[in-house]
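Structure at a glance
Residues per chain, in single letters:
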Amino acid sequence: MQDGFIKVASITPRVRVADVAFNVESCLAAIEEAAGNRGAKVVVLPELCITGYTCEDLFWQDALLDAAERGLVSIAARTADVDALLLLGLPVRVASKLYNCAAVLFRGELLGLVPKRYVPMYNEFYEGRHFVSGPKTVTSVDFGLLGEVPFGTNQLFACDTIPELVVGAEICEDLWVPMPPSNSHAVAGATLICNLSASPALAGKSAYRRQLVAQQSARLICGYAYASAGEGESTTDLVFSGHNLVVENGRVLADSGVFGEGIAVSEIDVLSLAADRRRTSTFEVAPTPEDYKHLTTYFSLEFDGEGEDSAHDAASCGHDGEGSEISVRTPLTRFVDPHPFVPAMDDARATRCEEILSIQAHGLASRLAHTGSDHAVIGISGGLDSTLALLVTVRAFDQLGYDRSGIVAVTMPGFGTTDRTYTNAIELVQSLGADLREISIVDSVLQHFADIDHDQDIHDVVYENAQARERTQILMDVANQVGGMVIGTGDLSELALGWATYNGDQMSMYGINASVPKTLVRYLVDYCADTYEEQGEDEIAHVLRDVLDTPVSPELLPSAADGSIEQKTEDLVGPYELHDFFLFHVLRHGSGPLKVLRLAECAFGTDTDHEVYDHETIVHWLKVFYRRFFSQQFKRSAMPDGPKVGSVSLSPRGDLRMPSDASSSLWLSELESLDA
């Protein structure tokens, strides 16, 4: 059980032009490094690497062509024990014509020859002088000692031990044309495209190349391994830099850089790719397209006992979730982002924050304009979520040209309100120029306790929810008074966990933060603090900084003796950074519990240099996540409208159509198998 992770390597061997014997040894050394030392299961070498790409008119010499074919036979024989799919380039003669081919080898067998479809003639390569365009139609050709093999561009290579791994090949220029062969490969079912290339080093070209590969993998929802020629090629007119890439669905997992080590290795998640394709209704895969019918060759990778690390527990070793068998999983070298909703780079984060705030503000502005309302009502607590909602509402009012006094910010102190949050709420509203109203809920809630005969000293769910519902009633009634709209403050993380009072803070007239997870809320508020500081509005920035430093709490229980917050949300439901991580991988990629656990350990746990959460902690909160996610769906089924800002949302109208009475037992049983 590999969780869909396949280690892929793109590697550039050092070559000597037309020195086949040297190149064969160099290719074998590269294969040993990629498959033997790095554990790669798919290894891609450059275009024409057995001869060298820059042989020019030497390609007309039978001595070179004969040597290339013997070289491939030698490589096949000497890799018979290598458990990896190998793709490497050589010139091949078929019916008195010469083709630039990718040879696909597995355990000493030549599975197929894939010719270059688009051969450049009038650019710097002059390939058309020596090679002809390969046919789409696949036929059988005789390759001497390696026997009859499929020949043609429209063929695939499928792994029968991991059915989601289906490999297609194209060569260099094939990617740069309007309709690359990889388009057809992907529609026919390929999840990994391998490109054998000899792309020269030109100023600015490496960035364009990287962008092109990333975009193609995103369009095709596939993995893409790109290997380019490098050291040893002729420098008569061009220089080759050995640029190698491993990309997954638009994300560059490994990049050797130009003139670098010459190898890029990472793990492609083919299960995630398959899940994304299922979710994308416009991605039409033809199970047996006419051009590819009966042209898939199968191979069988082995995985048990793989890797240098024998693994330390079931999460990294790979419990199958259906029994007690443990098998070693592919050790992950790819970066697993602990905060997948938040861009890692500061410049990208600022751009993303501005974009999200604009989406939220435009959504609210459109709803206000549509309803003809120039008033908005917000419950302001001094916490992160209500602060973000207020900041977005200010943006929307400024965009519409409305007076900010139309924003009615209501602070409603109760039994657990602390001086810190109360003061922050007051100062923020006043600094932003909104209309501040203070309405205590203490007397009305005490009256309600008397009405329903509830002991106010029993701090149970009735005690807490009565306060949340009273606050919502106040907001709704004030909205009626001013002819305005109640702006919801709850975020995506709270919706996922059901951390909201039904018909209390769960309800509003427009949920402005409904698709913003808690980890991202923090960065948005921090970005706003930076922005106000740059604009010289230090008072607002100071309040926002203190809001960021305040523990997350609903403040529904009395404060501590020293006046500090006693009720801390993350002590009760778990760390939001973990829950956001779980949510992303469960909904965005459809990952199962053990795979989510494995990824969490790579991001936070025992697989990191500095362990944030141990194995038991991650398992505990993952169980809590699944229990709450399933049991609290009824709250999400009745959630108000709100703008979608990212790829994960819980709206019952378009993003998550889930029955409220679905059982979580199937998912929890995987995690409980760890205890067994």
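In the annotation of an unreviewed UniProt entry, the protein chain is listed under the name Glutamine-dependent NAD(+) synthetase and assigned to Lancefieldella parvula. Its UniProt record gives the protein chain a comment under Catalytic activity (unreviewed entry), which states: "deamido-NAD(+) + L-glutamine + ATP + H2O = L-glutamate + AMP + diphosphate + NAD(+) + H(+)". Quoted verbatim from the Function (unreviewed entry) field of the UniProt record, the comment on the protein chain reads "Catalyzes the ATP-dependent amidation of deamido-NAD to form NAD. Uses L-glutamine as a nitrogen source."

Looking at the UniProt feature "binding site: L-glutamine" (unreviewed entry) in the protein chain
UniProt marks Tyr122, Ser199 and Lys205 with the feature "binding site: L-glutamine" (unreviewed entry), using the numbering shown here. Within the structure, lysine 205 has its side chain in polar contact with the side chain of serine 199 (distance 3.2 Å).

Brief notes about the domain arrangement of the protein chain
The domains assigned to the protein chain are domain 1 (7-299) and domain 2 (347-673). On a C-alpha basis, the centres of domain 1 and domain 2 stand 49 Å from each other. In total, about 460 Å² of surface goes out of reach between domain 1 and domain 2, with carbon and sulfur atoms giving 27% of it. Sorting the residues of domain 1 by area buried against domain 2 places Ser272, Asp276 and Arg279 first, and these three jointly supply 64% of that buried surface. Across the contact surface, domain 1 and domain 2 share two salt bridges. Here domain 1 and domain 2 share four residue pairs in polar contact (both at pLDDT 80 or more) between them. At five residues, the largest contribution of residues to the side of domain 1 that touches domain 2 is made by helix 5 (residues 270-279).

Brief notes about helix 13 (residues 518-534)
Given a rise of 1.5 Å per residue, 17 residues ought to cover 24 Å, and the 25 Å separating the end C-alpha atoms of helix 13 matches this to within 8%. Along helix 13, the residues that are buried comprise Lys518, Thr519, Leu520, Val521, Leu524, Val525, Tyr527, Cys528, Ala529, Thr531 and Tyr532. Structurally, helix 13 contributes buried residues whose contacts are with helix 7 (346-371), helix 8 (384-400), helix 9 (419-432), helix 12 (492-497), helix 14 (538-549) and helix 16 (576-588). The first or second residue beyond helix 13 is glycine 536, which carries a positive phi of 85°.

Let's talk about the UniProt feature "active site" (unreviewed entry) in the protein chain
As annotated in UniProt, the feature "active site" (unreviewed entry) corresponds to Glu47, Lys116 and Cys172 in the numbering used here. A compact arrangement is adopted by the annotated residues: their sequence extent is 126 residues, whereas the largest C-alpha distance between any two is 9.6 Å. Mapped onto the elements, glutamate 47 comes out in the loop between strand 2 (42-44) and helix 2 (62-78). Here glutamate 47 is in contact with Tyr53, Gly89, Asn100, Lys116, Glu127, Ile171, Cys172, Leu196, Ser197 and Ala198, once residues within four sequence places are set aside. Examined against the element boundaries, cysteine 172 turns out to sit in the loop between strand 9 (166-171) and helix 3 (181-187).

Basis of the calculations
- Residues numbered from 1 in each chain as written.
- Predicted model: local features only at pLDDT ≥ 70, side-chain atom pairs only at ≥ 80, totals over all residues.
- Heavy atoms only, no water.
- UniProt positions renumbered as here; feature names shortened; annotations may be inferred.
- Polar contact = N/O pair within 3.5 Å; in protein donor to acceptor, adjacent residues only side chain to side chain.
- Domains from an automatic or database assignment.
- Buried area = accessible area lost by both parts, 1.4 Å probe.
- Salt bridge = Lys/Arg side-chain N within 4 Å of Asp/Glu carboxyl O.
- Helix = DSSP H or I, 4+ residues; strand = E, 2+ residues; numbered from the N terminus.
- Expected span 1.5 Å × (residues − 1).
- Buried < 20%, exposed > 50% of the residue type's maximum accessible area, 1.4 Å probe, protein only.
- Contact = heavy atoms within 4.5 Å.

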